[in-house]
Amino acid sequence: MSSTSIFLQIIFNGAMLGIQYSLIAVGFSLFFGVLDVINFAHGDIFMLGAFVSLTLINVTGLLNTSGATYVFLLILVIILSMIIVGGLGVFFERIVVKPVSKGPTLMSLVATLGLGIAIREAVRLFYPRGSETKRFPELLVKLFPGKEAIEFKGIILRYDNLLILAVGIIVVILLALYINKTKMGLTIRAVAQDAEAASMMGVNKNLIIDVTFFIGSALAALAGFMNGLYYNSIIFDMGAMAGIVGFSAAVIGGLGNIYGAIVGGFLFAMVESLSAALIPRGSEFMTVIAFAVVILFLVFRPSGILGERAYERV
Amino acid sequence: MKGPLRLVGLGIIILLVFSPLLVFNYGCKPKEEEKKVVKIGFIGPLTGKYSKMGIGGLNSFKLAVMQQNNSGKNKYIYEVVPFDDECVPQKGVEVATKCCSDPEIVAAATHYCSMVAISCVDVYHKFGLPAIVWGAVLPDITYGNDYKEVSRVNGTQVEQNEFNAHLMVDELGFKKFCIIHDTTDYGRGHLKYFLKALKKRGIEPLSIDGITIGQKDFTTILTKIKALKPEVVYFGGLTAEGALIKSQMDKLGVKAQFLGTSGIKSDDFNTSLGEHAEGTICMLDGAPIEKMPGGLEFKKAYEEAGFKEPYEAYGPFAYCAANIIIKAVEKVGPDREKLVEEIDKTDTEDIIGRIHFNEYGQNDVPLVTAYVSQDGQWVPWEDSLYAKGERELPGFAYREGREWVNPYQGP
């Protein structure tokens, strides 16, 4: 393997992480946009997505089917888990996040952190053998019988990973179109910019908040599903770190801006991957370096890469 | 009439109020009323990622105590007080302090995780509580101090890695190693002693990479490792990260033998990886259960006791720790100071064979067994189809530049 192919392989691996971080970061940005809260339970919603999809895989008996039924069930599992987790996201928003959003920032911070811990511990206690690492089946391999990967000059691009990346990118583009081109997107942006003025114009603010939490949580569920497919194992506490990374990615990109969240997600992943690759023994310090970059951003450019000072959010 | 009636009524009320006491006292009057209850502690990870190891240890510990209590020969009745260290050092120190502060607890079997055990040894020394380590393998836990309170029934990383290098280099003939270790004291210990054992054989590893606990993505270091074309990837760390590394090695096409330590010798490694676990080698102190002098009886008793969880890799050691403690208490009584002296002198036979504590409190009759993952089970190396030549190790095929065909198709 030449150093170029090593480099390219590392970039590809970084992109795989980047798309997952981005999908989580988008949620942080959306919620901050419409409700001015940082929802620290979002990482655990992501974990919930992985567990709900694993449950659905078992319930539907997906692994025992093949052919068109398999593809149909697979898509059904993804969509159902997004709907269920999206619904749960709205539920949590109604009972915890929104009630505290009007109070001091500290209140919503503590409330959402607490909510996250409650979700995590609930999965650990009530999911069968919840404290163990769960195997997540390699669902996509079945779609590519025979060969598993393209190999080019030592670079391995697995078909299932390419599919994950493609789906992630398509979803992100669809989201951007939804926010920018549809009427609902327009109202979301309106609420983000000035909730009071939007209300005066006849926008149902509560509905918009619900919709936003539904979208954000459903995307986190998708990220959780992808994470399961990518690592083939999930565990109840996977959301803790994912939440912090997603939040940091949103901050780097500019909290409240969805393009920023996407850029931030990829940037965070690349900083991690490249510092592990280029710095001697960097793998020990890659998280430290990535978070140091976050701190630098907070100090020198608190509005992030794409965050606009005019508060034009979402 | 009022007076006597009232008296009778009062009498009935008094009788009713105290009757449960009478019945209780009468009904529960123990036959061995004079036997004193002695509390002994057990500390291990009872929740979290390594809860299976902890619960397996606790069950085995309880089994020994149950057997001793039921034998009727003892002077005392023993009661187990379990504590959960979650495999987190801070939490470990907290529960160790709690355990030590309970004056009724006279001794304890402590810790599966090395990083927890090493943080807690000072606590046991300070409080003078005899603590027998039942699962942690970092040498410094016993060798790094002169605390009489701390001793250990299982072996250490020194013997494990020496044996590991012996098998891989001297017997199987591998020469090119890449090392990955976690950055805890535990992982660094494995790195140190494996390096030492390799250097003794004149081998320098191609690379050394540290990873952090909880890390999920190892593709970057594995990409680097792939370019170095090692024959063996050694991992000094625990199951959670070990399983992820193995799975990502396969996905990235790192064609090398995967080699672990006692840290990955858990059923979780096989269940979470399925067919990808096949052909992985790891080490464990002690003999396989079937070959331990009392292994089969232990296995049978464990099953009969009706524990739902498996006893896992270090259960037999926890069982022996309980026996050592009880034997000492029977001899010198429930007194911490005397127990420290007594346990320090341990030289006994138990299900794992002879147990003799040297001047550091370390059981110096160590025995290491290599295991290979075969059809989703850890099989002792000598008994495996791989050692018999019926199956080929992935490392052998890759060394000769061939593809390796996985004989195991998953559960």
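All of these numbers come straight from a predicted model, not from anything done at the bench. (Residues numbered from 1 in each chain as written. Chains lettered and ligands numbered in written order. Predicted model: local features only at pLDDT ≥ 70, side-chain atom pairs only at ≥ 80, totals over all residues.)

A. Representation of the overall build of chain A. When helices and strands are counted, chain A shows 11 helices and 4 strands. In terms of overall size, chain A behaves like a compact globule, its C-alpha atoms giving a radius of gyration of 20 Å where 314 residues would be expected to give roughly 20 Å. For chain A, the spread of C-alpha atoms along the three principal axes comes to 60 × 45 × 40 Å. Within the span of chain A, comprising 314 residues, buried residues form 50% of the whole. (Helix = DSSP H or I, 4+ residues; strand = E, 2+ residues; numbered from the N terminus. Rg over C-alpha atoms; globule rule 2.2 N^0.38 Å. Buried ≥ 20, exposed ≤ 12 C-beta atoms within 10 Å, placed from the backbone.)

B. Examining helix H5 (residues 159-181) of chain A more closely. Residues and elements named next belong to chain A. Its 23 residues place the ends of H5 32 Å apart at the C-alpha level, agreeing with the 33 Å of an ideal helix rising 1.5 Å per residue. Here H5 has its buried residues at Asn161, Ile164, Gly168, Val171, Val172 and Ile179. Tucked inside the fold, the buried residues of H5 contact helix H1 (3-35), strand E3 (155-158), helix H6 (183-193), helix H8 (205-231) and helix H10 (258-278). (Expected span 1.5 Å × (residues − 1). Contact = placed C-beta atoms within 7 Å.)

C. Structural context of the sheet that holds strand E1 (residues 36-44) of chain B. All names here are of chain B. An order of E2-E1-E3-E4-E5 is seen for the 5 strands of this open sheet, with the pairing classed as parallel. Each edge of the open sheet is held by one strand with a lone partner, namely strand E2 (76-84) and strand E5 (150-152). Averaged over all adjacent pairs, the angle separating strand axes in this sheet is 25 degrees, with direction ignored. Note: strand E4 (residues 131-133) against E5, 3 bridges, orientation parallel. Bridge assignment links Ile132 to a residue of E5, and that residue is Ser151. Sheet strands in contact with helix H12 (residues 315-332) are E1, E2, strand E3 (105-110) and E4, and its direction is about 160 degrees off that of E3. (Pairing = 2+ DSSP bridges. Axes fitted to C-alpha atoms, helices over the stretch in contact; angles between N-to-C directions.)

D. Quick peek at the pairing of strand E8 (residues 232-236) of chain B. Residues and elements named next belong to chain B. Among the 5 residues that make up E8, 5 are buried, leaving the element largely enclosed by the rest of the structure. Because side chains alternate across E8, one face comprises the buried residues Val232, Tyr234 and Gly236, and the other comprises Val233 and Phe235, equally buried. Judged from the 3 bridges that link them, E8 and strand E9 (residues 257-259) form a sheet pairing that is parallel. Looking across to E9, one finds that Tyr234 is bridged to Leu259. Note that the unit made of E8, helix H9 (residues 239-252) and E9 has a crossover that is right-handed. (Right-handed = clockwise from strand over helix to strand, strands pointing away.)

E. Local environment of the packing of H1(A) against helix H2 (residues 42-60) of chain A. All names here are of chain A. The N-to-C vectors of H1 and H2 enclose an angle of 135 degrees; their axes lie 10 Å apart at closest approach. What the angle tells us is that H1 and H2 run oblique. In the packing of H1 onto H2, the handedness of the crossing is right-handed. Residues Ile24, Gly27 and Phe28 of H1 pack against His42, Gly43 and Phe46 of H2. (Parallel < 35°, antiparallel > 145°, perpendicular 65-115°, else oblique. Left-handed = near helix turned anticlockwise from the far one by under 90°.)

F. Local environment of the environment of Val271(A). Residue and element names in this part refer to chain A. Mapping Val271 onto the fold places it in helix H10. Sequence separation of Val271 and Ala218 is 53 residues, and the distance between their C-alpha atoms is 27 Å. In this view, Val271 contacts Ile289, Ala290 and Val293; residues no more than four positions away in its chain are not counted.

G. Representation of the pairing of strand E6 (residues 177-182) of chain B within the structure. Residues and elements named next belong to chain B. Counting buried positions over the 6 residues of E6 gives 6, a clear majority of the element. Where burial is concerned, the two faces of E6 agree: the one with Phe177, Ile179 and His181 and the one with Cys178, Ile180 and Asp182 are both buried. Sheet topology note: the E6/E8 ladder contains 5 bridges and is parallel. By the bridge assignment, Cys178 is partnered in E8 with Val233. Note that E6 and strand E7 (residues 207-211) share 5 bridges and pair parallel. Within E7, the residue paired with Asp182 across the bridge is Ile211.

H. Quick peek at the interface of chain A and chain B. Listed by partner, the interface residues are 24 residues for chain A and 31 residues for chain B. Taken together, the elements giving at least two residues each to the side of chain A that touches chain B come down to H1, E3 and H10 of chain A. A per-element tally of the side of chain A that touches chain B places H1(A) first, with 5 residues. Residue composition of the side of chain A that touches chain B, by class: 10 nonpolar, 9 polar and 5 charged. (Nonpolar A, V, L, I, M, F, W, Y, C, P; charged D, E, K, R; others polar.)

I. Here's a closer look at the nonpolar core. One finds Val233(B), Ala321(B) and Ile325(B) to be the most contacted residues of the largest nonpolar core, which totals 213 residues. Mapped onto the domain boundaries, this core takes at least three residues apiece from domain 1 (36-155 + 289-356) and domain 2 (158-285 + 375-399) of chain B. (Core = buried A, V, L, I, M, F, W, Y, C linked by C-beta atoms within 7 Å. Domains from an automatic or database assignment.)

J. Inspection of the confidence of the model for chain A at higher detail. In the predicted model, chain A carries a mean pLDDT of 90, and the fraction of residues at 70 or more is 97%. Looking over chain A, one finds the lowest element-wise mean pLDDT in strand E2 (residues 149-152) of chain A, namely 84, and the highest in H2(A), namely 96. (pLDDT = per-residue confidence, 0-100.)

K. Representation of the packing of H1(A) against helix H8 (residues 219-228) of chain B within the structure. Contact geometry for H1(A) and H8(B): axes closest at 9 Å, N-to-C directions at 160 degrees. Here H1(A) lies roughly antiparallel to H8(B), going by the angle between them. Taken as a pair, H1(A) and H8(B) cross one another with a handedness that is right-handed. Packed against H1(A), whose contacting residues are Ile6(A), Gln9(A), Ile10(A) and Asn13(A), the element H8(B) presents Thr219(B), Thr220(B), Thr223(B), Lys224(B) and Ala227(B) at the interface. Counted by class, the contact of H1(A) with H8(B) contains 3 nonpolar, 5 polar and 1 charged residues.

L. Inspection of the domain arrangement of chain B at higher detail. Residue and element names in this part refer to chain B. You can read the domains of chain B as domain 1 (36-155 + 289-356) and domain 2 (158-285 + 375-399). Just the C-alpha atoms count here: the centres of domain 1 and domain 2 sit 29 Å apart. Across the boundary between the two partners, domain 1 contributes 14 residues, which contact 15 residues of domain 2. Counting residues per element, the ones that place at least two in the side of domain 1 that touches domain 2 are helix H2 (51-71) and helix H4 (114-127). Of the residues forming the side of domain 1 that touches domain 2, the biggest block, 3 residues, is contributed by H4. By residue class, the composition of the side of domain 1 that touches domain 2 is 8 nonpolar, 3 polar and 3 charged.

M. Structural view of the confidence of the model for chain B. All names here are of chain B. Summarising the model, chain B shows a mean pLDDT of 90, and 92% of its residues fall at 70 or more. The secondary structure element of chain B with the lowest average pLDDT is helix H1 (residues 2-27), at 57, and the one with the highest is E8, at 97. A low-confidence stretch, residues 20-30 stays under pLDDT 50, and its non-local contacts, those more than four residues away or across chains, total 0 contacts. In the model output, the complex is listed with pTM 0.81 alongside ipTM 0.84.

N. Fine view of H1(A). All names here are of chain A. An ideal rise of 1.5 Å per residue puts 48 Å on 33 residues; H1 measures up with 47 Å between its terminal C-alpha atoms. In terms of residue burial, H1 counts as a mostly covered element, since 24 of its 33 residues are buried. In the stretch just after H1, Asp36 is the one whose phi turns positive, near 55 degrees.

O. Quick look at unusual backbone geometry. The backbone of Asn232(A) sits at a positive phi, close to 60 degrees, despite the residue not being glycine. The residue Asn232(A) is located in the loop between H8 and strand E4 (233-234) in this model. The phi dihedral of Lys229(B) falls on the positive side, at around 50 degrees, and the residue is not glycine. Summarising the element assignment, Lys229(B) is placed in the loop between H8 and E8. Among the residues examined, Lys229(B) registers 14 C-beta atoms within 10 Å and is labelled partly exposed.

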